[in-house]
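Fold and contact review
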Amino acid sequence: MPSERLRVEVQGRALELSNLDKVLYPAAGFTKGEVIDYYTRIAPVLLPHLADRALTRIRYPNGVDGGSFFEKNAPAATPDWVRVATLPAPGSRKGRDTIDYVVADDLPTLVWLANLAALELHTPQWRIGAHPDLLVVDLDPGAPAGLRQCCQVALLLRDRLAADGVRAFPKTSGKKGMQLSCPIAGTQSAELVSSYARRVAQELEGEHPKLIVSKMAKNLRPGKIFIDWSQNNAAKTTVAPYSLRAAPTPTVSTPLTWDEVEAGAAGKGPARTPYGPPEVLARVDSHGDLLVRKGPFLTLPV
């Protein structure tokens, strides 16, 4: 039976939306139409974090219970008005020399992606044609550690980075962990940024060995927070602020205030996260974008 299609115009671009009643999050009854609505409403704060960055999507065409696939290359039938950037693909598993990345600079592109069930949006730490302008650390808890311990480590990282003049912005991953995003001067290679992040993680591991681990081995993580400094590798991506996540119910990678992180470290506040779309939209209405980054930005000490 043919799917129902709805023709719409978004900022002058013609789109055809389909299967708006299809449930993508069965545990919550959350439909593709609601996914599109969320991304449309969150776009004013989301798009600046996607702009000019090569976008990796995780698509769930049959919902979060129906399997998924990573997508970097622009799919077949990409509209000609969608920005596509052809970039080198070193180490590609498919033997490609280049990848035609989608770049989501505008609302029509975001709506088009949401209609493709691209629930998760991930970006690298660099803008196209430039060195990294972000340092990112991922805080991954090993059970029984959880978000409370992530908040404790986030505070330690905040203070350590501040000692070098680096300002950190916290957000939940939308799942079990957190990330810190730090704007930096876009003048250093990914290798130098990653090396600095690794050194900081190792320092904190040495000072707090019962709480922090900086090594990749999973058998070292139970009860600790792994500071994943490797997110700064040029080939790595991190889930974008305000992106949906594929969980049983719709959750969002949510920017936090440092007051909330301090409360979370004490077992309150964001320790109950992840937040869902209605809460995040309400937070943006109240606070705006908590991840607005303003310079001047520093070159990292190496």
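As shown above, the structure is provided for reference.
Residues numbered from 1 in each chain as written. Predicted model: local features only at pLDDT ≥ 70, side-chain atom pairs only at ≥ 80, totals over all residues. Heavy atoms only, no water.

1. Topic: the pattern of salt bridges
Note the following rule: Salt bridge criterion: a side-chain nitrogen from Lys or Arg within 4 Å of a carboxyl oxygen from Asp or Glu. Each helix is a run of H or I in the DSSP string that is no shorter than four residues. Each strand is a run of E no shorter than two, and both are numbered from the N terminus. To sort residues, take the accessible area from a 1.4 Å probe on protein chains only and compare it with the maximum for the residue type: under 20% means buried, over 50% means exposed, and anything in between is partly exposed.
Evaluated as defined, the whole model comprises 20 salt bridges. The salt bridge partner of R199 is E203, with a shortest N-O separation of 3.8 Å. Note that R199 and E203 are positioned in helix α4 (residues 190–207) at a spacing of 4 residues, about one turn of the helix. Among the residues examined, R199 registers a relative accessible area of 33% and is labelled partly exposed. Relative accessible area serves as the criterion here: at 28%, E203 is assigned to the partly exposed category. For E205, the salt bridge is made with K215, and the minimal N-O distance between the two is 3.7 Å. On the criterion of sequence distance, the pair formed by E205 in helix α4 and K215 in the loop between β13 (212–213) and β14 (225–228) is long-range, its members being 10 residues apart.

2. Re the sheet that holds strand β6 (residues 69–71)
Short version of the rule: Whether two strands pair depends on DSSP finding at least two bridges between them.
In spatial order, the strands read β6-β5-β9-β15; together these 4 strands make up an open sheet with antiparallel pairing. In the strand order of this sheet, the two ends are held by β6 and β15 (238–239), each with one partner. Judged from the 3 bridges that link them, strand β5 (residues 56–59) and β6 form a sheet pairing that is antiparallel. Paired with R59 across the bridge in β6 is F69.

3. Remarks on the nonpolar core
For clarity, the threshold we go by: Put simply, buried Ala, Val, Leu, Ile, Met, Phe, Trp, Tyr and Cys residues joined by side-chain atoms within 4.5 Å make one nonpolar core. Each domain's extent is set by a domain assignment, obtained either automatically or from a database. We call two residues in contact whenever any of their non-hydrogen atoms come within 4.5 Å of each other.
One finds Y39 and I42 to be the most contacted residues of the largest nonpolar core, which totals 78 residues. Residue contributions to this core peak at 10 residues, all from helix α1 (residues 32–50). Viewed by domain, this core spans two of them, domain 1 (5–123) and domain 2 (134–236 + 248–287), each represented by three or more residues. Residues in contact with I42, not counting those within four places in the same chain, are Y242, V280, L281 and V284.

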